[in-house]
Amino acid sequence: MAKSWYILHTYTGYEGKIERTIRTLLESKELDPNVVIEVKVPVEEVVEIKNGKKHVRNNKFLPGYIMLEMDLPELGWKTTCSEIRRIQGVTGFVGTKPNERPRPISNEEVKNLLQKSGEIKGEKAVHVKQSYAVGEQVKITDGPFATFSGTVEEVNVEKDKLRVMVQIFGRATPVEVGLLQAEKI
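This report concerns the structure included in the present document. These numbers were taken from a predicted model, which means no experiment stands behind them.

So, how was this worked out
Residues numbered from 1 in each chain as written. Predicted model: local features only at pLDDT ≥ 70, side-chain atom pairs only at ≥ 80, totals over all residues. Heavy atoms only, no water. Salt bridge = Lys/Arg side-chain N within 4 Å of Asp/Glu carboxyl O. Helix = DSSP H or I, 4+ residues; strand = E, 2+ residues; numbered from the N terminus. Buried < 20%, exposed > 50% of the residue type's maximum accessible area, 1.4 Å probe, protein only. Phe/Tyr/Trp six-rings, centres within 6.5 Å; stacked < 30°, edge-to-face > 60°. Arc of directions from axis to C-beta. Contact = heavy atoms within 4.5 Å.

## Brief notes about the pattern of salt bridges
(1) Moving on: What the rule picks out here adds up to 8 salt bridges.
(2) Moving on: In this structure, K184 and E136 form a salt bridge, with 3.7 Å as the shortest nitrogen-oxygen distance. Linking K184 in strand β12 (residues 182-184) with E136 in the loop between β7 (126-129) and β8 (137-140), this pair joins segments that are 48 residues apart in sequence.
(3) Moving on: Given the relative accessible area of 37%, K184 is considered partly exposed.
(4) Moving on: Given a relative accessible area of 24%, E136 falls into the partly exposed group.
(5) Moving on: In the salt-bridge network here, residues are joined through shared partners; they are E19, R23 and E38.

## Some details on the packing of aromatic side chains
(1) Moving on: Taken as a whole and judged by the stated rule, the model has 3 aromatic pairs.
(2) Moving on: Here the aromatic rings of Y11 and Y14 are separated by 5.6 Å at their centres, their planes lie at 85 degrees, and the arrangement is edge-to-face.
(3) Moving on: For Y11, a relative accessible area of 46% gives the class partly exposed.
(4) Moving on: According to the relative accessible area criterion, Y14 is partly exposed, its value standing at 31%.
(5) Moving on: Judged by centre distance (5.9 Å) and plane angle (75 degrees), the ring pair of F145 and F148 falls under edge-to-face.

## Brief notes about helix α2 (residues 77-85)
(1) Moving on: Among the residues of α2, those classed as buried are W77, T80, C81, I84 and R85. Each buried residue of α2 lies within a common arc of 135 degrees when the element is viewed along its axis, so the set occupies one face. Exposed positions of α2 whose direction lies more than 90 degrees from the buried face are K78 and T79.
(2) Moving on: Against β1 (4-10), β2 (36-40), β5 (65-70) and β6 (90-93) lie the buried residues of α2.

Have a look at this one:
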């Protein structure tokens, strides 16, 4: 037996309810806490700017899926897996049929999912929900160029940066700002 992460497929929108049900089954000892170790619904932080105010919320980045850390025994794994499959809204383990032993995901996939959801220290993925297009007028709201207005020259989504042409002392000057430091006019 070795601890591994498994992906459980669920009906979309039922992830939270199923997570709570699994936690309840663990507390009542209907599921063995030595077998099912951790339950996670992978979420990412989404930052949205509306009316000049920053709103932060958590979005499921894998709707319809739950991560389970389990230490499945060689004998008796069917009992645990069938108990989990019987939960209303669960369709099964990803990549296996109901009578097959679930297959764990790779350590690299686990690391990527946990890092994206901010569980692992390092770069916590924050998704910025704001779209800019070249040629749009924006107002810089934060940083050394706050209150300046200009035209978007370049959008770099990977780095969450904008290059904005602003008028400084009567001359057009390119300024690089973060997506959260500007808003559309």
